[in-house]
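Structural overview for review
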Amino acid sequence: MNLTALSAFETAQKVRAGELNANDLAEAALAQIRAIDGVPGSLAPGILESAEEQKVHAFIQVTEELALSQAARVDRKIAEGEEPGALAGVPVSIKDIFCVEGTTTTAASRTLANFIPPYTATAVQRLVDAGALILGKVNLDEFTFGSSNESSAFQPSTNNPWNTDHVPGGSSGGSAASVAAQEVALSLGTDTGGSIRQPAAFCGVVGLKPTYGRVSRLGLIAFSSSLDCVGSLSRDVRDTALMLQVMAGSDPKDSTSSTRPVGDYLSALQQDVKGLRIGLSPDYEAVYYPDFESGAVHSEPVQKEVRDAVLRAAETLANAGAEIIENVPMPNTRYGIPVYFVISRVEAASNLHRFDGVKYGYRTSAEINDLNDLYRLSRGEGFGPEPKLRILMGMYLSAAEHASNFYQKALKVRALIRSDFENAFDPEGDYWLDALLTPSTATTAFKRNAVLGNSVLMQYSDQMTVASNHAGVPALTLPGGLDESGLPIGIQLIGSDFGEDTILRIGHAFEQLSTSETWRSEKPQVLQGEVKA
Amino acid sequence: MKDYEVIIGLETHIQLNTKTKIFCSCKADSWGDEPNTNICPVCSGLPGVLPVLNAEVIRKGAILAAAMRAQINPKSFFDRKNYFYPDLPKGYQISQFDEPIGKGGYMDVPLPNGETRRVRIHNLHLEEDAGKTKTEHGMRLLDFNRCGVPLVEMVTEPDLRSGDEAAQYLIRLRQLLRWIGVSEADMERGHLRCDANVSIRERGSTVLNTKTEIKNVNSIDSVRQAITEEARRQIELVESGGKVESFTLDWDADRSKLSKMRSKETEADYRYFREPDLLPVVLSDEEIETIKAGLPELPLARRARLESEYQLSAYDAEILTSERSLSDYYETAAASYAAEAKSVANWMMNDLSRLLNDLGKTADQLLLKPENLAEIIRMVDEGKINAATGKSLLKKVEESGKSPAKLVEDEGLGLIADSDALRSQIEAVLAGAPDEVASFRAGKESLLGWFVGQVMRSSGGKADPKRTREILLELLSQE
């Protein structure tokens, strides 16, 4: 049996039944990582052998000891007849933006390269308590600021397992790649503007951004606190449901976590899609972006193969009894990125204040004359270009003289974006949708260095995903096909507040209905050398 | 010299006396703790932590707002005040800004000249305290213990007119804070801190001239002195043709001197925005009404009532309302002995105050209950014990917890008022002093006092002096 190809659901089931032991699963995952991950990301990678270019490089740090000790605990529990948990023996990776007690937590930044937190993030703790095995911390864009993983201070950054010349997306690129490359079954990610869904789509895996507040943010190193969501990456929808089930629920240490009861996500999957109303919107057919010289708005249609995949999925669901509602207006979607530029930068600049070289993290070793030197040099040397750019922009936008023009206005537009969703999902409204079906990204994975350096263009790769962050609603991406170069296409299901059960149910139905499609049998490039079990 | 008027506004920081800090479960008061021993990931600003609002902070903040007659905001918000300073571990302070818990309000401050000054409040907002920085041996040392201590910042309008008035305001504020139980208000421990904005103008003018801000004035005397000193400096400066510039001044209490800290030409931009990690603070009409209804009678109102209801002097009423527990004590005792409420006040002003001072207790901490005090006074007034015994009983009740009547009985402290017993004692005294009896009868009536003294001595002080005198006169007049 190929242990690394098993789903989390199957793994836990077999471990709990005593058919597999957790130690073997940990060893298998470690072997897979050794075989295909290559050198871990580091601040001083030196010159790499050319073979490294074909590796995944998802991990910054492999926590072998931790995984093995967790496996031993699961195996001991089973031996002693104790409840081992819903994720017993399931290998997981953690985006290196989550604090794990006693484990270096870098945020992929020089600033935190040596930071070891004294506490563990709630979401991580819930996974561990459910018997998951933490295989390591995976790479991301520095402080999650990016959509390609390339801005990580820990190089080499992650490659796309389907084609290692391409980026895995970001910022949860290490998470998506580690799942696609079968190094782990599940990964914990974060999504502020699309940071789970865009890399999940690029890497051909399932990614869920839950409703804001559904999963605790405690222990997530904040980017934009009002937009940050903790979510999951997996290879199928059932695993996503399972992982959400474990993580969801209120946390007394996060005031913004919801106290609403958690749904039964796995049971929801057993229902079919008959009678569900699924919307398509013309506002998700193109990317809109301004010309920064003239201010004129240009549009670029979504890549044709991506659009076709969405329509194909709609047809599949319609054939299974879902009702497809076309032409649902989501007119404020196009303002998602400009609004995001303002809100996320303002919050990010503030959230990054604490990295000042005083208490923890990077402090300059240069001679300093005064406090300002300490700040200026520590921050100047510790942060890479993307955080610096975001700090500058955030400082500018929140300055008293600009705040009403930008920040306050952005909050108003954010409310309009939210109202689009409220109208679409309103049971008394014109559309009363159960979900909106859209592309997850406008294009498939781009090549390394193709967009890096153009911070604005990079940001626009989140246009299909960012609106649900503004609105707070849940959104699921799942594989919907491959483009002609063999790169994965993601389709997105957006639900109403706390409607995770519904979008998981639709996503699961689509998976079941499309099992026989040829693209389903394709495997990522990095797995093609493997002997099939 | 022209006639100048001094214009003063005070910015006070009040440490609420909650058990825990505002956003974490560290204890709020670190007085006497070693540096950085009362901290956690939340208050020391580690990456990934989130604030969780202490509901008690909201409750106490709202009580203070109600006591200041401020408008309690049904929906207030926390914002981030962004700035870099080493003792601010997050690089921003979580503070209320444009929608604070209380807006407006006032406090009436009685002045020594009998007038009352109404000091208006601009607003009161809740915030977290920062840590402490000190420089030692060329190193900058940080103590985060104070980070996250709940504060109310309360800013007055420029309604005060002298250092003395500012001092009076603080005295009344301190009294109020303790009275309503929201702060220990101990200035030495930094529970009540004060910055003063001072400017001058010609009397009669209504303009507000450039002001200076005095920081670090952390005792009532310092406030009085620093403001008086700064007003004098500004007047001299203007009189000599100079111009007041916007400074921040530091008050050195040891040397009673002001020194310039920095000029304040540009306002810092704190880039305020709503704290996304906290929800809005919502108080329902019902909750606000409950808070208002639960407010005790405030010190000035009670002072006035004590004067009118018990015919106390202004001075007595003032002393008895210096602390809420003292005035509660008084009213309970007075209710137990309503006929002599004034006498109860006298006992409290003298003997009970001394007892409290000696023990370092507040009235509510005494074992000697107000009913006990009333009982003791009543026994004295009824001649069951003499005044000296009554006074000594205060301490005895406090130490033993026994009732006064029981102590009098057990220790035989009661006066001998029983005529037969007293009569025989007096007869014995007269029998032992035939010469004096003869002198008295011969007309030396001033000896009566001497006889009383002898009886007192022989009875060990327990003879009722009034009855003794009566019986003496009776026996001495017989031949």
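Please read these numbers as outputs of a predicted model, since none were measured by experiment. (Residues numbered from 1 in each chain as written. Chains lettered and ligands numbered in written order. Predicted model: local features only at pLDDT ≥ 70, side-chain atom pairs only at ≥ 80, totals over all residues.)

Focus: helix α1 (residues 8–16) of chain A
All names here are of chain A. Here is the rule we go by: For every residue, the other C-beta atoms within 10 Å of its own C-beta are counted; 20 or more classify it as buried, 12 or fewer as exposed, and values in between as partly exposed. C-beta atoms are placed from the backbone. Secondary structure elements follow DSSP: runs of H or I no shorter than four residues count as helices, runs of E no shorter than two count as strands, and numbering proceeds from the N terminus. Comment: arc refers to directions from the helix axis out to C-beta atoms. We call two residues in contact whenever the C-beta atoms placed from their backbones are within 7 Å.
Ala8, Phe9, Thr11, Ala12 and Val15 are the residues of α1 that are buried. Buried residues along α1 cover an arc of 165 degrees about the axis, so they all sit on one side. Check the buried side of α1 and you find it contacts α2 (22–36), α3 (64–79), β4 (186–191), β6 (229–234) and α7 (237–247). Gly18 lies just past α1 and shows a positive phi near 80 degrees.

Things to note about the domain arrangement of chain B
Stated precisely, the cut-off is as follows: Domain ranges listed in this record stem from an automatic or a database domain assignment.
For chain B, the assigned domains read domain 1 (4–289), domain 2 (297–411) and domain 3 (419–477). A C-alpha centroid distance of 34 Å is found between domain 2 of chain B and domain 3 of chain B.

Quick notes on the nonpolar core
For clarity, the threshold we go by: Connectivity within a nonpolar core runs through C-beta atoms within 7 Å, and the core itself is a set of buried Ala, Val, Leu, Ile, Met, Phe, Trp, Tyr and Cys residues.
A:Val92, A:Leu127, A:Leu133 and B:Ala196 are the most contacted members of the largest nonpolar core, which totals 234 residues. It is helix α10 (residues 336–351) of chain A that contributes the most residues to this core, 9 residues altogether. What A:Val92 contacts, discounting residues up to four positions off in sequence, is A:Leu127, A:Ala132, A:Leu133, A:Ile134, A:Leu135, A:Val184, A:Ala185, A:Leu186, A:Ser187 and A:Leu188. Counting 41 residues, the second largest nonpolar core, distinct from the first, contains B:Tyr337, B:Trp347, B:Val408 and B:Val455.

Notes on the pairing of strand β5 (residues 206–209) of chain A
Residues and elements named next belong to chain A. Spelled out, the test is: The pairing criterion for strands is at least two bridges between them, as found by DSSP.
Of the two faces of β5, the one holding Val206 and Leu208 and the one holding Gly207 and Lys209 are both buried throughout. As paired strands, β5 and β6 are joined by 3 bridges and run antiparallel to one another. If you follow Leu208 over to β6, its bridge partner there is Ser232. When β5 meets strand β12 (residues 475–482), the two strands line up antiparallel, connected through 3 bridges. Looking across to β12, one finds that Lys209 is bridged to Ala475.

Digging into the environment of A:Asn327
Residues and elements named next belong to chain A. Position of Asn327 relative to the elements: it lies in the loop between β10 (323–325) and α10. Taking the C-beta count within 10 Å as the criterion, Asn327 has 10 such neighbours and is therefore assigned exposed. With 310 residues separating them along the chain, Asn327 and Ala17 place their C-alpha atoms 49 Å apart.

What about unusual backbone geometry?
Of the consecutive residues A:Gln155 and A:Pro156, the connecting peptide bond is found in the cis state with omega at 0 degrees. Relative to the helices and strands, A:Pro156 resides in the loop between β3 (133–138) and α5 (173–180). We note that A:Phe498 has phi near 60 degrees; this positive angle belongs to a residue other than glycine. Inspection of the secondary structure puts A:Phe498 in the loop between β13 (488–494) and α17 (500–513). The backbone of B:Ser256 sits at a positive phi, close to 50 degrees, despite the residue not being glycine. Along the polypeptide, B:Ser256 turns up in the loop between β14 (247–252) and β15 (257–263).

Considerations on the interface of chain A and chain B
Basically, it comes down to this: Any residue outside Ala, Val, Leu, Ile, Met, Phe, Trp, Tyr, Cys, Pro, Asp, Glu, Lys and Arg is labelled polar, Gly included; the first ten of those are nonpolar and the last four are charged.
Listed by partner, the interface residues are 33 residues for chain A and 24 residues for chain B. Where the side of chain A that touches chain B is concerned, the elements lending two or more residues are α10, α11 (371–382) and α12 (385–398) of chain A. If you tally residues by element for the side of chain A that touches chain B, the top one is α10(A), at 3 residues. Looking at the side of chain A that touches chain B residue by residue, the classes come out as 18 nonpolar, 8 polar and 7 charged.

Description of the confidence of the model for chain B
Spelled out, the test is: Along the chain, pLDDT gives the predictor's confidence residue by residue, from 0 to 100.
In the predicted model, chain B carries a mean pLDDT of 92, and the fraction of residues at 70 or more is 98%. Interface predicted TM-score (ipTM) for the complex: 0.95; the corresponding pTM is 0.91.

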